[in-house]
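Results of the structural survey
Chain by chain, the residues:
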Amino acid sequence: MGHDHHHGSSKNIKFAFFLNAAFTVFELIGGFYVNSVAIISDAVHDLGDTISLGSSWYLQNKSRQGRNNRFSFGYKRFSLLGALINSLVLIGGSIYVISEAIDRLINPEYSDATGMLVFALVGVAVNGLAAWKLSKGSSMNEKVVSWHLIEDVLGWVAVLIVSIVLHFYETPYLDPALSLLITVFILYNVFKRLKETLFIFLQGVPKEINLEEIEHKIQAIPHIASLHHMHVWSLEGTDHVFTTHIKLEDISKFQQLLDVKRAVKNVLQEYHFDHYTIETELDKESCDLL
């Protein structure tokens, strides 16, 4: 199941990469043709997305490799690296877009409203299709890419609305103003995703995991006195790792020890951890790490 999941992720990102690359070329040519800074800005944004999608595709494939002596947990975190690169490229592209839009506000130029309308319709269709393909992705890599594409759809909807307005009321300021609004919105959400990605990199406890709940369930098992060194982190946003030391009491038979370990594993299986390690310590045994 894990193999199929990562293989599907790679195929989805591959599809989005080629679709985005083709549309970026189309968009760059069209943006200059209709003299729209909003379209040109989105083209630069999409160029960054294309580069990021290419790296995400490569890293997603890399993440499917099994564990070895260099990476004992395997390469799953390489997928997370793709999300980080994607976010940083978007931030850089957005800064460029803001500078271009401000320059156009200072030195206004008129845009071709009809051309903007045509490109907006194509943009909504192309990015909508790519976003739909990635909408069911579960990895952080896919989530970041999917969010970029959803942002593009919203951006093109805004361009569509502006192009319709320009048919009735011609002004050189609406196009760059729209570009600024789209970019600010994109930056807000990119920083949110970047924060999530860095949280995983820093081995924060996944938000769907309740450590207190797990500890309470384990301590309710007979012969368990206490827990310490309990740690949970995520490899790449979907596959989580759990470790703990368990202090036992009143253990007189080996079968009792086996029963306790089985009961603990039953609790942990409720949370679908990708990997877990349980260290047991008997009554008179002390932990070297305390």
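The protein has the name Cation diffusion facilitator family transporter in an unreviewed UniProt entry, where Salinimicrobium profundisediminis is given as its organism. What UniProt records for the protein under Subcellular location (unreviewed entry) is the sentence "Membrane". Heading Sequence similarities (unreviewed entry) of the UniProt record for the protein holds this comment: "Belongs to the cation diffusion facilitator (CDF) transporter (TC 2.A.4) family. SLC30A subfamily."

**Overview of the sheet that holds strand S2 (residues 240–248)**
Ordered in space as S1-S2-S3, the 3 strands form an open sheet in which the pairing is mixed. Two strands close off the open sheet at either side, each with one partner strand: strand S1 (224–234) and strand S3 (275–281). Neighbouring strand axes in the sheet, compared pairwise and without regard to direction, differ in orientation by 10 degrees on average. Judged from the 7 bridges that link them, S2 and S3 form a sheet pairing that is parallel. What sits directly across from Ile-246, in S3, is Thr-280.

**Points about the pattern of salt bridges**
All chains considered together, the criterion is met by 2 salt bridges. Salt-bridge contacts for Arg-193 lead to Glu-196; the nearest nitrogen and oxygen are separated by 3.3 Å. Placement of the pair is Arg-193 and Glu-196 together in helix H6 (residues 174–201), with a separation of 3 residues, close to one helical turn. A relative accessible area of 28% means that Glu-196 is categorised as partly exposed. Residue Lys-217 pairs with Glu-270 through a salt bridge whose shortest N-O separation is 2.9 Å. Of this pair, Lys-217 sits in helix H7 (residues 211–219) while Glu-270 sits in the loop between helix H8 (254–269) and S3, and the two are 53 residues apart along the sequence.

**Things to note about the packing of aromatic side chains**
Applying the stated criterion to the full structure yields 6 aromatic pairs. Geometrically, the ring pair formed by Phe-17 and Phe-18 is edge-to-face, given 5.0 Å between the ring centres and 70 degrees between the ring planes. What makes Phe-17 buried here is its relative accessible area of 18%. A connected cluster of aromatic rings, assembled from ring pairs, spans Phe-23, Phe-26, Phe-119 and Trp-156.

**Quick word on the side chain of His-240**
Looking at where His-240 falls in the secondary structure, it is placed in strand S2. Setting aside chain neighbours within four positions, we find His-240 in contact with Pro-206, Glu-208, Ile-209, Trp-233, Ser-234, Phe-273, Asp-274 and His-275.

**Considerations on the UniProt feature "transmembrane region" (unreviewed entry) in the protein**
Look at the UniProt record and you will see "transmembrane region" (unreviewed entry) annotated at residues 12–33, 80–98, 113–132, 144–167 and 173–191. In this annotation, residues 12–33 is assigned 100% helix and 0% strand; the end-to-end C-alpha distance for the span is 31 Å. Between the C-alpha atoms that bound residues 80–98 there is a distance of 28 Å. The span itself is 100% helix and 0% strand.

**A few points about the packing of H7 against H8**
Relative orientation of the contacting elements H7 and H8 amounts to 155 degrees, with a least axis distance of 10 Å. As far as their axial angle goes, H8 and H7 are roughly antiparallel. As H7 packs across H8, the resulting crossing turns out to be right-handed. Residues Ile-214, Lys-217 and Ile-218 of H7 lie in contact with H8, whose contacting residues are Val-264, Val-267 and Leu-268. Here the contact of H7 with H8 is built from residues that sort into 5 nonpolar, no polar and 1 charged.

**Focus on the pairing of S1**
Note that S1 and S2 share 8 bridges and pair antiparallel. Paired with Val-232 across the two strands is Phe-242, which belongs to S2. The antiparallel hairpin formed by S1 and S2 contains 5 residues in its connecting segment, where Gly-237 sits at a positive phi of about 105 degrees.

**Focus: the side chain of Thr-243**
If you trace the backbone, Thr-243 turns up in strand S2. The class for Thr-243 is buried, based on a relative accessible area of 19%. If we ignore the near neighbours within four places in the chain, the residues touching Thr-243 are His-229, Met-230, His-231, Trp-233 and Thr-277.

**Remarks on the pairing of S2**
Of all 9 residues making up S2, 9 are buried, and the element is well covered by its neighbours. Of the two faces of S2, the one lined by His-240, Phe-242, Thr-244, Ile-246 and Leu-248 and the one lined by Val-241, Thr-243, His-245 and Lys-247 are each fully buried. In terms of handedness, the path from S2 via H8 over to S3 forms a crossover that is right-handed.

Definitions and limits used
Residues numbered from 1 in each chain as written. Predicted model: local features only at pLDDT ≥ 70, side-chain atom pairs only at ≥ 80, totals over all residues. Heavy atoms only, no water. UniProt positions renumbered as here; feature names shortened; annotations may be inferred. Pairing = 2+ DSSP bridges. Helix = DSSP H or I, 4+ residues; strand = E, 2+ residues; numbered from the N terminus. Axes fitted to C-alpha atoms, helices over the stretch in contact; angles between N-to-C directions. Salt bridge = Lys/Arg side-chain N within 4 Å of Asp/Glu carboxyl O. Buried < 20%, exposed > 50% of the residue type's maximum accessible area, 1.4 Å probe, protein only. Phe/Tyr/Trp six-rings, centres within 6.5 Å; stacked < 30°, edge-to-face > 60°. Contact = heavy atoms within 4.5 Å. Parallel < 35°, antiparallel > 145°, perpendicular 65-115°, else oblique. Left-handed = near helix turned anticlockwise from the far one by under 90°. Nonpolar A, V, L, I, M, F, W, Y, C, P; charged D, E, K, R; others polar. Right-handed = clockwise from strand over helix to strand, strands pointing away.

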